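# Results of the structural survey
Residue strings, one per chain:
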Amino acid sequence: MKITKFLFILLLSLSFTFSSCNSTKNDKNDWLDLIDEDLSYWNIWMGAPHTSTDIAGYETFEDVRIGTPIGLNKDPKNVFSVIQENNEPVLKITGEIFAGLVTKSDYKNYHLKWHFKWGDKKWAPRLDKKRNSGILYHSVGDYTDFWNVWMTSLECEVQESDCGDFITIGEGRTDVKAKCPSIKVGNKYVFDQAGVMNEFSWNRPAYETGRCFKPGNPEKPHGEWNTMELICLDNIAIHVLNGKVVMIVSDGYANLNGTWQPMTSGKIQIQSEAAEIYYKKIKLRQITKIPDVYKNQASTFFDNL
């Protein structure tokens, strides 16, 4: 009886150990869910409030780009919060103040995936403009590098009808430049896998290679959930909207303290930019290669590297 009991305990122990090892092994391939109730993976950098903002205790500014920011991990208007929708956590961004939700950690060689849908509310100073937010990646430098609210970074645009566009964020001593194969359509540079490489920099106007526009518009109608993905591997970044590769950029560089440095890693920022927006299932996993489904879509680009 004692032997039987001993064998039972031994087998149970071995089974637990085997399961634990398998769990640890699988965890390495699992997606990291970046949204929890406490936003524990993130810091908040709150920019300058507009003069129309109903807020006490802080100076307001007509031009929020040059105003004094509220600062780190201060969110007096609850711009960022986690709500429950259909029993799952959803990040709500009111957009009332220009701000950034910034990962505490730096990331390199990863696949980021998220879902978003637009809300209805818009705020000054963008009441007459498209609803806008954005995912800023390879973020380096200081929180105040750009408009006193965002770090030097590369942007996967999240803006009505422009989701997936590429923009460089940073100016002056924190200039950013990157290359994107493009063709010129009218006064816009539009991504084309077979196009020629151009250098993009915020110091140039948007229509003079400050921005690379995506071709087409696979965004879903207002109020519906869209799926976006960002695949970063070494010096390549791929923007994906609803399963379609819409942008590929390479060779990003940041000018930090007078020295040009490759942008292949950094923090991730989610913008609050005067429009109500909802994000869910923001997940990240490390990668060692570009997923086949997207490498196949981008075969013309990679064949011509």
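Read on for a plain summary of the structure. The structure presented is a predicted model; accordingly, all values stated were derived computationally and were not measured. (Residues numbered from 1 in each chain as written. Predicted model: local features only at pLDDT ≥ 70, side-chain atom pairs only at ≥ 80, totals over all residues. Heavy atoms only, no water.)

### A word on the overall build of the protein chain
Heads up, the rule is: Helical segments are the DSSP runs of H or I of at least four residues, strand segments are the runs of E of at least two, and each set is numbered from the N terminus. Note on contacts: a residue pair qualifies if any of its non-hydrogen atoms lie within 4.5 Å across the two residues.
Tallying secondary structure elements over the protein chain gives 4 helices and 21 strands in all. For the protein chain, long-range pairs separated by at least 24 residues make up 67% of all intrachain contacts whose partners lie at least 6 apart in sequence.

### Side note on the pattern of salt bridges
Condition: Just to be clear on terms, a salt bridge is a Lys or Arg side-chain nitrogen sitting within 4 Å of an Asp or Glu carboxyl oxygen. Note on classification: 1.4 Å probe, protein chains only; a residue is buried when its accessible area is under 20% of the maximum for its type, exposed when over 50%, partly exposed between these limits.
Within the structure shown, the criterion is met by 11 salt bridges. Between Glu 96 and Lys 77 there is a salt bridge, and its shortest N-O distance comes to 3.7 Å. Highlighted residues: Glu 96 in the loop between strand 5 (88–93) and strand 6 (99–103) and Lys 77 in the loop between strand 3 (71–72) and strand 4 (80–85), separated in sequence by 19 residues. With relative accessibility at 11%, the residue Glu 96 sits in the buried group. When the shortest N-O distance is used, the salt bridge between Glu 88 and Lys 280 registers 2.9 Å.

### Looking at the packing of aromatic side chains
Threshold: Each Phe, Tyr or Trp ring (for Trp, its six-membered ring) is paired with any other whose centre lies within 6.5 Å, and the angle between the two planes then decides the class: stacked below 30 degrees, edge-to-face above 60, tilted in between.
Per the counting criterion, the structure on display carries 13 aromatic pairs. On the numbers, 6.4 Å between centres and 20° between planes, the contact of Phe 98 with Trp 147 is stacked. Of this pair, Phe 98 sits in the loop between strand 5 and strand 6 while Trp 147 sits in the loop between strand 9 (132–140) and strand 10 (152–159), and the two are 49 residues apart along the sequence. The exposure class assigned to Trp 147 is partly exposed, which follows from its relative accessible area of 21%. Taken together, a centroid distance of 6.3 Å and an interplanar angle of 75° make the contact between Tyr 107 and Tyr 110 edge-to-face. As far as the burial class goes, Tyr 107 and Tyr 110 line up, both buried.

### Considerations on unusual backbone geometry
Of the consecutive residues Ala 124 and Pro 125, the connecting peptide bond is found in the cis state with omega at 15°. Positionally, Pro 125 belongs in the loop between strand 8 (110–122) and strand 9. The phi dihedral of Asp 251 falls on the positive side, at around 60°, and the residue is not glycine. Residue position: Asp 251 is located in strand 18 (residues 244–256). What makes Asp 251 partly exposed here is its relative accessible area of 24%.

### A few points about empty space enclosed by the protein
As a reminder, the rule being used: Buried and open spaces are told apart on a 1 Å grid over the protein atoms alone, a cavity being a set of points where a 1.4 Å probe fits but cannot get out and a pocket being an open set with protein on both sides within 12 Å along at least five of seven lines. Residues with an atom within 4 Å of a point are the lining residues. Grid points are joined across faces, edges and corners, and a volume is the space filled by probe spheres set on the points. For this scheme, ten residues count as nonpolar: Ala, Val, Leu, Ile, Met, Phe, Trp, Tyr, Cys and Pro. Four count as charged, namely Asp, Glu, Lys and Arg, and the remainder, Gly too, count as polar.
Going through the model one piece at a time under the given rule, you end up with 1 cavity of 30 Å³ or more. Estimated volume of the largest cavity: approximately 50 Å³. What lines the largest cavity is a set of 13 residues, and nearest its centre among them are Leu 154, Asn 235, Ala 237, Gly 252 and Met 263. Within the residue set of the lining of the largest cavity, elements represented by two or more residues are strand 9, strand 17 (236–241) and strand 18. In terms of residues, the lining of the largest cavity owes the most to one element, strand 18, which gives 4 residues. Residue composition of the lining of the largest cavity, grouped by class: 7 nonpolar, 4 polar and 2 charged.

### Observations regarding the nonpolar core
The criterion, for reference: We call a set of buried residues a nonpolar core when its members are Ala, Val, Leu, Ile, Met, Phe, Trp, Tyr or Cys and they connect through side-chain atoms within 4.5 Å of each other.
Membership of the largest hydrophobic core comes to 66 residues, with the highest contact counts inside it found for Leu 112, Trp 114, Tyr 137, Val 158 and Tyr 279. Looking at this core, the element that brings in the most residues is strand 18, giving 7 residues.

### Some thoughts on the side chain of Ser 250
Mapped onto the elements, Ser 250 comes out in strand 18. Judged by its relative accessible area of 4%, Ser 250 falls in the buried class. If sequence neighbours within four positions are ignored, Ser 250 has contacts with Ala 178, Lys 179, Met 197, Asn 235 and Ile 236.

Scope: geometric values only; no functional claims are made or implied.
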